Structures are given as structure tokens and as C-alpha cells.
Amino acid sequence: MKRLVMLGSVVCSATLLFGATAPASYVDALKSFLVQNSFNVNGEFYAYDFEKDGKIDYNDWLYLSLDTGEAYRLLAIDPSPTNAFGFAPVQKPQELTEPDGYFIYLDFGLDNDKKFSWVYVSHQYGSVYKLMGATADNHFDYLDIDGNGSPDPLPGLTYTVQTSTLPGSVAMKVMFSISEASGSVSSMESSVSSYSSFDSSSSYSTSSDYSSYESSSSSYSSSYSSEYSSEYSSYSYSSVSSTAPTLTLPQRYTPNDGRLLAAGCYQCHGTNGYSTNKWDSIAGEDMDEFYDDHPLMRAQAQGYTLDEVRKIFDWLRTLPEYEGGESEYGEYDDDEHDDD
Amino acid sequence: MKRREFFKFTSLAAVGALLPKAANAATPPHVVVIGGGFAGATCAKYLKMWGGHSVQVTVVEEDPNYISPILSNLVLNNVRRINDLTFSYDDLKSRYGISVVHKKAVHIDTDRKIVGMHDGTALSYDKLVLAPGIDFKYTNGYDITKVPHAWVAGEQTLLLKQKIDALRNGETFLMSIPKSPYRCPPGPYERACVVADYLRKKGVRANLIVLDENPDIVVEKETFHQKFSEYGIDYRPNSAVTAVDDVAMSVRVVQNGQTTTIRVQALNVIPNQKGGAAIFLAGVNEGDFAPVDLRSYESLKKRDVYIIGDAHHSTQPKAGHIGNSEAKVCADAILRSLNGLAPMPSPKTNSACYSPVSSTEATWLTAVYKYDSANNKMVLASSTYPAASAPSSQNFYEMFYWAGNLFADTFK
């Protein structure tokens, strides 16, 4: 019963791979979900040759908990309902260097079965694979976009890992972002061959599909002209709130002066820099945004030292830019909007 | 080089059990926040957003929902409804894992670190945040349903609206402005303008008297003097209301040592103010407000008690936007303290306020405060209080962007 198959890009044969297809709208929605949130990572996965036999076997995977610093071997014992992956504690090896990847739980709304609402972030390839389910004989299915039976990475998606260290502990966050149309795929040199049937210029290239998924924000922009009609009654706060990104609470507190200073911007620019309306989002932005033409912002800017502004933007740059809510009201214009 | 990629598993009973759980952790420290307004709700949210699972947070708030005083003058002229300004605590609960207890704190024991509730239950805390907002110093025992202050939004706002809507040609509306410090410095002047504009647009030629206990308009002097003169508002500085008669609809006023009684058709007395009840229950007040270390908002009188928003004593204005700003500084300082760290030595806070002066135009005022360690004071970080050069329609719709993000940053 103990069975776990490792798939290497060189040795894999298509018949051993299982893939589950999903509509393009699912892929787009998933990418949007990933981009709009950040995810905490509780542990790292390493391919580790326990037997020192020169090959990575099905159970040659090591999980290192960031919470406790303890190491576990995957499928060291028979899986059970309380230990679905047969983890058993092992001595932490000294020679661990870079993790191979992370599993991240999503709780993504379009996943009917939340048990499988996970992505595997492959550190080696810089790719993200979506877990979709399991087959009747208990193999995992990963998302197979082109329907050729083998798993595909989510196209046009890159990620960054942010690690903050406190004495005795590590907190790690993964943030996803949309890359240029084919950038992330072509950069995966060794893996490209195994996804040869994946066409990066197909309908999955990100920009157009992505924006069409953002129907909530586009309907918001289109309502702009009527929003401030003479009655002022069509402005609805609750309709705006649906675009607010969900978030994952950290395991522990990590002090950061830049984060605290940046939080002083959020009254006007939204929590974590994600505006809920047409005022500009500042997440992921650079320092020049600080020196805005808006007279109120100009006044605010006078109150912060250059060192403080640097700290603020060092923090804001770690936050993924909010693709959905890009402001059309980013620049102040005296002549605009005069409604006489 | 090792050959590896992603992997697949067998016998997957529950993927949720993928990651081994850490050994039983000790119960995280408990922060109790009394008051769920701009300061209290923000503090609770940011404690959880930054402290996550390392901290438990409970908000004690009597009311099931919060009704924002910000924008509430626009209920008077039908631009907003109370519903538009009402916020539930659902997101604080569901998104941040905050407990919200709708009870009234009636007893605070800072030695045993316990908060007693009106129903006999109690909460123990490791850190206590007091964000009770303001309370009123009434001149005498009059009926506030007949003479509403409308300085806490909701029922009071609607009562005031009824009075204003009932005004007829030739009748007089009188409002009084409390002695500084009071909640929302531009608020009373904004209200006078909004009401004057509303009556004018309705075609009601009523008189408007504004009694101000302060020697002059407190903020945005030029703008409000200009608007008052345009609207023909009878503005009387140095005028303290010393008694209110809710039957005769009259006030006794002392202006420059001279006492008069003014009788009108509609009264809006905004009483002088003090910190909310919780600071007195905890014994952290000095006079009407509570002194704090402005790097952390920890009480200067009791350890592990923090006071944010309108009830603390400082040079910062008493208002929702800066209450939110103070709350973040406080939340961060509490989390640092729970981790054995000192607060950030030089925090910044900021204030911004858009004020409507009619149903189509607004003005604004803003400031950044920095910590002056020599005097434990928050002082202006730039030399002036910048303000809008003039009221405009652009400011008017920007006001809703400002308020929308402020509301979301506090309650969502």
C-alpha cells in the first residue's frame, strides 16, 4: 500500500502521469486568486536521498517544519486518516541547502473538494502546479491544461518567497504574480521538454483572459459616471468590499518598521495598499508614487523623512501589485471632473 | 544532480493533514479591546493581521453594529442614509478570527487584569486596549431626544434631521460648538454649512445661529468664515452654553461674561466632551482624558493598559482617521511588547479629513505627527496644517474615496 511515485522531468513517461483538465475560466480565476493573496508557508520540502543509493525514490522526500524546526520523512510509515502522508520524524540532516518546493493550501472558492485545494510550488523550476484530485486508484491528479494527460504548470505565473527571520524562528510567505506572456515558461530550461505540447501563446497567455475575469472591477469602473449623480445614493460600500483580497494570518509576529509606517497610508489607499475604490492602490509600487501631484498627498509627503519613505516602499514593494483594481484616478488633474 | 519534480501521493484520506502540526503550543496571550469604533476595530484587526496566531483578540462592544459619525452630516441633507454608514463586525470575526462580545464593560480590575461585564461575566487579559471614544459633559439634565447632539451617529442623527426638516420660513435653528478638545474639529462647522445649504436648496428661509465656546473657528478658519458669511450664518465666538431647557427650546449662554437666554425652534447642543467611561473604570484618566506614552499608547498610570482614539490625552485631533492611525502604532507596540521588544522609537501618525460644506462641495485638512521624545508629545512633522485651498466639487467626490478606504481599513 505504501506507494508514492516521484516524477522526474527526464525519466517520466507520459503513461505514468495523471492530469485533470479544467476550463480556461478556472485557470484564470485560480491565477487571479493566487495573485490577489499571499500565502504563509509552514514548511519546506526537500528531495533527500535517505538511503544514499544515488537516486530519489518515492519516499525520499523530507518535510522541514518552519514552526518547530523538526524534520519528517514522507511515507516512512503507512498512511492513516490522521497521517495521510505517512510522515514520521527523522533527525534533521546537516546538508540540507535549498528546498525543492512548498505545498500551499489555498481554500480556493472554485475547488469543490477543499481537500485538494493545494498548489505545489516547485522551487527547482519556478513553476506552480495545481492539485486537482485523486484517481480511483489513489493517485494524485495535477491540473492538465492542454489535455495531453500530463500535468502543466500554471502558465504565466511566477512567485516570490519572502522570508523574515526572528531569533529562533522563520516566517515565510509566498506571493504570486503574473509574468510576461511566455517568460516563465521559457525560463524553465530543463522542464520545457516535458511540456512540449503546451503552447504558451495559446489562449492561456495571461493578460487578456486575466482582465476579463476581473469583471467585478470592470463593472465598478463602468458605474463610475453614475456613482456621483446628484442623488449620491448609488455608491454602495458593500459592493466594493467584494474585491478585497483575502489573507492568511501569520503564525507569529515579526517586527518591521516599514510595515508600520506603510500602514499609515492605508486609511486612504486601503489595507495593505489595496484600494477598494478608484483611489490608487499602492501595493507593489515604487517610491516615485509618493511624490504625487495631489495637494493632499503633497502635504502628507512633507511629513515623512526620506529614510521613512524608503522604509515604507521597501515594505510596499514586497506586496503584490493589485492587478484588478488599477486606478483610473491615479493622477490628480485640476481640470478633470468639474461638474458645473 | 538529483532528478526530481512534483510528486503524487497514495491513500489520500485528508489532505488537510498534510502538514504535521506543531507540538501543543501554550495559549497565546489575550488582548481585550474595549470599544469597536475606528480606533478599537483597527487595533483589533491589525493585532491579528500582524500577530496572527500568536495573539488572541477580543473586542468588547455594546452595539451590534458601528455607525460612522464620519459622513453622518450628509444624512441631514439626504446625501447618505444611516445604512450606508453602518458596519458590522462580521469581517473582523470571520477574516481575522477576532472574538466580538456585545456586552458593556462595567468593571475593570487592572491589578488582577480582569474586565467585568454588565451580565456578570468577565474576561481576563494580558493586554487591555481602551478605545471608548467620547462621553458628554451635559450642562444639566435635559432630554437629548428633544435636544439632540448628534455627535454619536445613528438615532441621534435622525432626531436632528427631524428637527431640521420641520423648520419653516422665519424660524431659527441654533447649534452650539463645544470647547476644544472635542471629537472631529471641523465637524461642527461642516454641519452648520451643510444644514444652511440644505435649507437654502429646500427654499426654507430659516435663521442659523452658531454658538462657539472657542474664541474663533478651530480649524480651516478662512474657509469656514467665508462659507458662514455666504450662508448668512450668525456666528458668535466665546459663547458657552450653560443650561438647556428642552421644553422652552432655549439655551442660557454666557458670552464674554454676559448671560443671555436664546429661544429658538430647533436646538442642536453639542456638549463639552471627555473620554469614554472605560478610562474612568480603569482609573487611567487624568482629568477628562487619559495620558499615555505616545510611542505605544500605554497608560502612564497603569501597566498593560493602552488608550487610543478620542479618549487619550494628546495634541492629536480626536477623529476617526487618526484614531485608526494611532491604533496601528498601538497594535504594533503591543505585539512588540508581547515579544519582549520595545516599541518603534519614532512612530508617525497622520490625520486627514474631508468636510462637506454643501451637497456638492467639500474641503479637506491633513497633518502628519511625529514623536517628540523630549516632551513625550506628538508634534506636527511639517510646519503647518495643510488644507484645501477652497471647497470644490472634486473634493466632494474624493471624500467618498477617502471614507470608503478608511471604512474598509477599519472594518473589512
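Residues numbered from 1 in each chain as written. Chains lettered and ligands numbered in written order. Predicted model: local features only at pLDDT ≥ 70, side-chain atom pairs only at ≥ 80, totals over all residues. Heavy atoms only, no water.

*Asks:* Just checking my understanding: could you explain the overall build of chain B for this structure?
*Replies:* Helix and strand counts for chain B come out as nine helices and 25 strands. Scored against the burial criterion, the 412 residues of chain B give a buried share of 62%. Considering only contacts within chain B whose residues lie at least 6 apart along the sequence, 65% involve residues at least 24 apart. Accessible surface computed for chain B: about 15,000 Å², of which carbon and sulfur atoms make up 48%. (Helix = DSSP H or I, 4+ residues; strand = E, 2+ residues; numbered from the N terminus. Buried < 20%, exposed > 50% of the residue type's maximum accessible area, 1.4 Å probe, protein only. Contact = heavy atoms within 4.5 Å. Areas by Shrake-Rupley, 256 points an atom, 1.4 Å probe, with all protein chains shown as cover.)

*Asks:* Before we go on, may I ask you to explain the overall build of chain A in this structure?
*Replies:* Along its length, chain A carries eleven helices and twelve strands. Sorting the 340 residues of chain A into buried and exposed places 54% on the buried side. With an accessible surface of roughly 14,600 Å², chain A has 50% of that area assigned to carbon and sulfur atoms.

*Asks:* Explanation requested: the packing of aromatic side chains in the structure shown.
*Replies:* Centre-to-centre distance and the angle between the planes together describe a pair of aromatic rings. The tally for this structure, following the rule as stated, stands at 30 aromatic pairs over all chains. Ring centres 6.2 Å apart and planes at 50° place the aromatic pair A:Trp279 and B:Tyr401 in the tilted group. In this pair, A:Trp279 is assigned in the loop between helix H9 (266-269) and helix H10 (295-301) and B:Tyr401 in helix H9 (residues 393-411), connecting two distinct chains. Geometrically, the ring pair formed by B:Phe38 and B:Tyr66 is edge-to-face, given 5.5 Å between the ring centres and 85° between the ring planes. Of the two residues, B:Phe38 is situated in helix H1 (residues 38-51) and B:Tyr66 in strand E3 (residues 65-67); the sequence distance between them amounts to 28 residues. There is no split in this pair, since B:Phe38 and B:Tyr66 are both buried. (Phe/Tyr/Trp six-rings, centres within 6.5 Å; stacked < 30°, edge-to-face > 60°.)

*Asks:* Is there a simple way to think about the confidence of the model for chain A in this case?
*Replies:* Interpreting fine coordinate detail is not advised for predicted regions of low pLDDT. Residue-level pLDDT values for chain A average 68, and 62% of them are 70 or greater. Below pLDDT 50 for its whole length, residues 1-17 of chain A participates in 47 contacts with residues either more than four positions away or in separate chains. (pLDDT = per-residue confidence, 0-100.)

*Asks:* Got a minute to help me understand the confidence of the model for chain B in this structure?
*Replies:* With 94% of its residues at a pLDDT of at least 70, chain B reaches an overall mean of 93. Scored below 50 in pLDDT, residues 1-25 of chain B shows 97 contacts in the model against residues more than four places distant or in partner chains.

*Asks:* Can you walk me through the pairing of strand E14 (residues 239-245) of chain B in this structure?
*Replies:* Each regular strand carries side chains that alternate between the two faces of the sheet. All names here are of chain B. Most of E14 sits out of view: five of its seven residues are buried. The sheet contact formed by E14 and strand E15 (residues 250-255) spans six bridges and is antiparallel. Residue pairing for E15: valine 241 is matched across the bridge by valine 253. In this antiparallel pair of consecutive strands, E14 and E15, the connection spans four residues, and methionine 249 shows a positive phi of 55°. (Pairing = 2+ DSSP bridges.)

*Asks:* What exactly am I supposed to notice about unusual backbone geometry here?
*Replies:* Keep in mind that most residues, glycine aside, have a negative phi and that most peptide bonds are trans. Residues and elements named next belong to chain B. That bond from serine 180 to proline 181 is cis: its omega, 5°, falls within 30 degrees of zero. Mapped onto the elements of the fold, proline 181 is located in the loop between strand E11 (172-177) and helix H5 (187-202). A positive phi is found at cysteine 184, a non-glycine position, where the angle reads about 60°. Positive phi, normally seen in glycine, also occurs at asparagine 376, with a value near 45°. Relative to the elements of secondary structure, asparagine 376 occurs in the loop between strand E24 (362-372) and strand E25 (377-380).

*Asks:* How do you make sense of the pattern of salt bridges when you look at a structure like this?
*Replies:* Oppositely charged side chains may form a pair once their charged atoms are brought near each other. Counting across every chain of the model gives 26 salt bridges over all chains. The residue A:Lys130 makes a salt bridge to A:Asp111 at a minimum N-O spacing of 3.0 Å. Of this pair, A:Lys130 sits in strand E9 (residues 127-134) while A:Asp111 sits in the loop between strand E7 (101-105) and strand E8 (118-122), placing them 19 residues apart in sequence. B:Lys227 is the partner of B:Glu230 in a salt bridge, and the nearest nitrogen-oxygen pair spans 3.1 Å. With B:Glu230 and B:Lys227 both in helix H6 (residues 221-231) and three residues apart, this pair spans about one turn of that helix. Note on B:Glu230: relative accessible area 40%, which makes it partly exposed. Look at the salt bridges and you will find they share partners, linking A:Asp257, B:Asp332 and B:Arg336 into a network. (Salt bridge = Lys/Arg side-chain N within 4 Å of Asp/Glu carboxyl O.)

*Asks:* Please clarify how the sheet that holds strand E16 (residues 258-263) of chain B should be interpreted in this entry.
*Replies:* Through backbone hydrogen bonds, the strands of a sheet pair up, either in parallel or in antiparallel fashion. Residues and elements named next belong to chain B. One open sheet holds the three strands; their spatial order is E14-E15-E16, and the pairing between them is antiparallel. Because the sheet does not close on itself, it has two edges, and the strands there are E14 and E16. The average angle at which neighbouring strand axes cross in this sheet is 25°, direction not considered. Of the strand pairs in this sheet, E15 and E16 are connected by six bridges, and their pairing is antiparallel. Of the residues in E16, the one forming a bridge with arginine 252 is threonine 261. (Axes fitted to C-alpha atoms, helices over the stretch in contact; angles between N-to-C directions.)

*Asks:* Before we go on, may I ask you to explain helix H11 (residues 306-316) of chain A in this structure?
*Replies:* Given 3.6 residues to a turn, an α-helix orients residues that are three or four positions apart in the same direction. If you check which residues of H11(A) are buried, you get A:Glu308, A:Val309, A:Ile312, A:Phe313, A:Trp315 and A:Leu316. Angularly, the buried residues of H11(A) cover 155° about the axis, an arc narrow enough to put them on a single face. (Arc of directions from axis to C-beta.)

*Asks:* When you look at the pairing of strand E2 (residues 56-60) of chain B in this model, what are you seeing that I'm missing?
*Replies:* Residue and element names in this part refer to chain B. Most of E2 is tucked away, with four of its five residues classed as buried. With five bridges connecting them, strand E1 (residues 30-34) and E2 associate as parallel partners. Looking at the pairing, valine 31 lines up with valine 57 of E2. In this fold, E1 hands off to H1, which returns the chain to E2; that crossover is right-handed. Examined bridge by bridge, E2 and strand E5 (residues 99-101) share three bridges and lie parallel to one another. (Right-handed = clockwise from strand over helix to strand, strands pointing away.)

*Asks:* Even after reading the chapter, I still don't get the nonpolar core, so can you show me in this structure?
*Replies:* The nonpolar side chains of a soluble globular protein tend to be buried with one another. Residue and element names in this part refer to chain B. Counting residues in each nonpolar core, the largest one holds 108 residues, and the members touching the most others are Ile34, Leu130 and Trp402. Take this core: its biggest share by element is ten residues, from H9. Here isoleucine 34 is in contact with Val60, Ala105, Ile108, Val115, Leu128, Val129, Leu130, Ala131, Pro132 and Ala278, once residues within four sequence places are set aside. By size, the runner-up hydrophobic cluster in this structure holds 32 residues, among which are Ile164, Val195, Ala196 and Tyr231. (Core = buried A, V, L, I, M, F, W, Y, C linked by side-chain atoms within 4.5 Å.)

*Asks:* Please explain the side chain of B:Thr349 as it appears in this structure.
*Replies:* Residue and element names in this part refer to chain B. For threonine 349, the position within the fold is in strand E23 (residues 348-356). Classification of threonine 349 by relative accessible area gives buried; the value is 1%. Within the structure, threonine 349 has its side chain in polar contact with the side chain of glutamine 316 (distance 2.6 Å). With residues up to four places along the chain from it excluded, the contact list for threonine 349 reads Tyr297, Gln316, Ile322, Ser325, Glu326, Val329, Ala367, Val368, Tyr369 and Met378. (Polar contact = N/O pair within 3.5 Å; in protein donor to acceptor, adjacent residues only side chain to side chain.)

*Asks:* Help me understand helix H4 (residues 155-165) of chain B, please; the structure alone is not making it clear to me.
*Replies:* Inspection of H4(B) places B:Gln156, B:Thr157, B:Leu159, B:Leu160, B:Lys161 and B:Ile164 among the buried residues, and these make up the whole buried set. Contacts from the buried residues of H4(B) go to helix H2 (73-76), E11, H5 and strand E17 (266-269) of chain B.

*Asks:* How should I be thinking about the sheet that holds strand E8 (residues 122-124) of chain B in this particular structure?
*Replies:* All names here are of chain B. Spatially, E6-E7-E8 is the arrangement adopted by the three strands of the open sheet, whose pairing is antiparallel. Looking at strand neighbours, the two that pair on one side only are strand E6 (105-109) and E8, the edges of this open sheet. Along the sheet, successive strands turn relative to each other by an average axial angle of 20°, direction set aside. Bridge count for strand E7 (residues 114-117) against E8 is three bridges, and the pairing is antiparallel. Residue pairing for E8: glycine 116 is matched across the bridge by alanine 122.

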